[in-house]
Amino acid sequence: MTKHVIQFFDTTLRDGEQTIGVNFTVDDKIEIAKRIADWGADVIEAGFPVASPADLAAVRRIGQEVTNANIVGLARCVKKDIDAVTEALGDAPNGQIHVFIATSPIHRDSKLHMTKDQVLDRINECVSYAKQAFENVEFSPEDATRTEWDFLARSVQVAIEAGATVINIPDTTGYTTPVEMANLFKYLQQNVADFDKVTFSAHCHNDLGMATANALAAIENGATRIEGTINGIGERAGNTALEQIVAIMNARQDHYSDYTSNVDMTKTYDLAQFISEKSGMGLPNNQPLTGSNVFAHESGIHQDGFLKNPSTYEILTPESVGRTRSTLPLGKLSGSHAVVNRLEQIGFRVKKEEVPVIFRHFQAIADQSRLVSNEQLRQMMNDISEMKVAN
Ligand code: KIV
Ligand code: ZN
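Described below are features of the structure shown in this document. (Residues numbered from 1 in each chain as written. Chains lettered and ligands numbered in written order. Predicted model: local features only at pLDDT ≥ 70, side-chain atom pairs only at ≥ 80, totals over all residues. Heavy atoms only, no water.)

### Digging into the overall build of the protein chain
If you tally the helices and strands in the protein chain, you get 14 helices and 10 strands. For the protein chain, buried positions account for 53% of its 391 residues. One finds the centroid of the 36 positive side-chain charges in the protein chain at a distance of 5 Å from the centroid of its 51 negative side-chain charges. (Helix = DSSP H or I, 4+ residues; strand = E, 2+ residues; numbered from the N terminus. Buried < 20%, exposed > 50% of the residue type's maximum accessible area, 1.4 Å probe, protein only. Lys, Arg positive; Asp, Glu negative; His and termini not counted. Charge placed at Lys NZ, Arg CZ, Asp CG, Glu CD.)

Okay, here's the thing in structure tokens:
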């Protein structure tokens, strides 16, 4: 059976750079784009060329230098924005354009001051105009998830008739829920005549912590492209963390056996560290896949299970995301198995009958420390052997 290839559209350099305090240099942008392409993203949104001459120049360089992914520039449904993308990427080997206009009532009335018909006309005009310069045109109805569903379907159909090859459904404010996203995609499948002629994509924000779940709901209901960023950086609470979608498809092959991707998951950890360093946004200790705690086990029951079989408490191996090994940090909840295991790793041979005494000493130290270091363990073993000599 042929699998659906889920395309990964990375917008770390565009939506990710809209994170407060994040400002990549041009050289960083080139290096980031290269690494994201090597990780296996199919499409990279390199920036918003109309925003500034510097942004345009950076998008242009990425379009010329990064040839193993499609490179996209963002434009509002405005002629000068589309012209800026054409100037940046019109002659790039894999250049594409992404045009957007808001469709929801709140954006139409309060921001754009446009009627529904005016929005439809603008979609038709701008997609047709973009199509003159690019074969591949992605259209996004901004704030799609707060748009009336019948009007959303009409907007999408107009974009397809004007030449759009990709329709992206943004949950701009992170408002939707997984069930609602699933139902919205089902509705679009049934109510957009040309649904099957184009690629459908989902772009989710994380305001309510649902960006990953909402993206999965889209995949399960017809989306074959997911937009997001590495580490989930982005406006406000950020975007879907693309590495999480890859890992879910991998860890839950039982559920996602019909899907595959071009991503090499083993490059995830290095890429995440690199983006963290360049964005200045540290990875929380409990960040899924890449945080310092996520392949470490401190409590005694977990350490005992892990030592017997790592799969008792780990659903992915650290190696699968490019990390070296799991750790068993020693703290006050750790058990004797893990203590003995660590002592053996650092060169001590522990006899069975010595374990109760050693463990009592360990607990006394652990009660006073957040984590017990190898140095403290060596000192402890030294103290125990001196006590034996004195007795
Ligand atoms: O969140 C959003 O709606 C966007 C669009 C430009 C796709 O980033
Ligand atoms: Zn966005």
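### Digging into the coordination of the zinc ion (ligand 2)
Looking at the metal site, the zinc ion (ligand 2) is ligated by D15 (OD), H203 (NE2) and H205 (NE2), spaced 2.0 to 2.1 Å from it. Mapping the donors of the zinc ion (ligand 2) onto the primary sequence gives the spacing D-x187-H-x1-H. Placement of the pair is D15 in the loop between β2 (7-10) and α1 (26-39) and H203 in strand β8 (residues 199-204), with a sequence separation of 188 residues. D15 sits in the buried class, given a relative accessible area of 3%. Under the relative-accessibility criterion, H203 is labelled buried at 4%. (Donors = N, O, S within 2.8 Å, 3.2 Å for Na, K, Ca; no water.)

### Notes on the pattern of salt bridges
Applying the stated criterion to the full structure yields 23 salt bridges. In this structure, the salt-bridge partner of R108 is E148, at a minimum N-O distance of 2.9 Å. Separated by 40 residues along the polypeptide, R108 in helix α4 (residues 105-112) and E148 in the loop between β6 (137-142) and α6 (149-162) bring together distant segments of the chain. On the basis of relative accessibility, which here comes to 6%, the residue R108 falls in the buried class. A salt bridge links D143 to R146; the nearest nitrogen and oxygen atoms lie 3.1 Å apart. The exposure class assigned to D143 is buried, which follows from its relative accessible area of 0%. Salt bridges sharing common partners tie together D27, K34, R61 and E65. (Salt bridge = Lys/Arg side-chain N within 4 Å of Asp/Glu carboxyl O.)

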